[in-house]
Amino acid sequence: MNLEPLTVDGRADNLSQLLDYVAWAAAAFGLDDAASYRLSLAVDEIATNIVVHGYAEAKRQGDLTIWADAEANRLTVLLEDTGRPFDPRQVPQPDNLDRPLEERQDGGLGIFLALWGVDDFAYDHDGEVNRSTF
């Protein structure tokens, strides 16, 4: 199963379309609710970071393109953008997860949860294109 790609403007108000796409792909592949939720959370976190940091803060405009491919017992979701390059795997894992919320520093937890929640994550930057693979 190979789903047609979806391309949207890289703006926050278009993120729901990406999440609808992920939900549809997960259902078509037969993922259970927990796996579907973790995949949606991961895509949402990475896409939000692209929109906020890769486009808006970098004073850039661009698209987000998502597509899904399923082979045997593996669903792969790819997310491409042309924002500022950023490899989420380079964000250090929070070292204060055992501390109360008010004692933790802001930031970094969303990426940690996104990458923790999927079986595999890869990032690639090729020319002007960033590719996140879930």
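What counts, and where the lines are drawn
Residues numbered from 1 in each chain as written. Predicted model: local features only at pLDDT ≥ 70, side-chain atom pairs only at ≥ 80, totals over all residues. Heavy atoms only, no water. Helix = DSSP H or I, 4+ residues; strand = E, 2+ residues; numbered from the N terminus. Buried < 20%, exposed > 50% of the residue type's maximum accessible area, 1.4 Å probe, protein only. Contact = heavy atoms within 4.5 Å. Expected span 1.5 Å × (residues − 1). Arc of directions from axis to C-beta. Pairing = 2+ DSSP bridges.

Trainee: Could you clarify how one ought to interpret the overall build of the protein in this entry?
Mentor: Counting its secondary structure elements, the protein contains 3 helices and 5 strands. Each helix (α) and strand (β) of the protein, taken in turn from the N terminus, gives the series β-α-α-β-β-α-β-β. In the protein, buried positions account for 37% of the 134 residues. For the protein, the proportion of contacts with a sequence separation of at least 24, taken over those separated by at least 6, is 62%.

Trainee: Please explain helix 1 (residues 15-29) as it appears in this structure.
Mentor: Given 3.6 residues per helical turn, the α-helix brings residues three or four places apart onto the same face. An ideal rise of 1.5 Å per residue puts 21 Å on 15 residues; helix 1 measures up with 21 Å between its terminal C-alpha atoms. Of all the residues in helix 1, the buried ones are Leu15, Leu18, Tyr21, Val22, Ala25 and Ala26. Burial along helix 1 is one-sided: seen end-on, the buried residues are contained in an arc of 130 degrees. Projecting away from the buried face of helix 1 at angles above 90 degrees are the exposed residues Asp20, Trp24 and Ala27. Positive phi appears at Gly30, one or two residues downstream of helix 1, with a value of about 90 degrees.

Trainee: What exactly am I supposed to notice about the pairing of strand 2 (residues 63-71) here?
Mentor: Every regular strand shows the same layout, with side chains that alternate between the two sheet faces. Inspection of the sheet shows strand 1 (residues 6-9) paired to strand 2 by 4 bridges, in the antiparallel sense. Looking at the pairing, Asp9 lines up with Asp63 of strand 2. Between strand 2 and strand 3 (residues 74-81), which follow one another and run antiparallel, lie 2 residues, and Ala72 among them has a positive phi close to 50 degrees.

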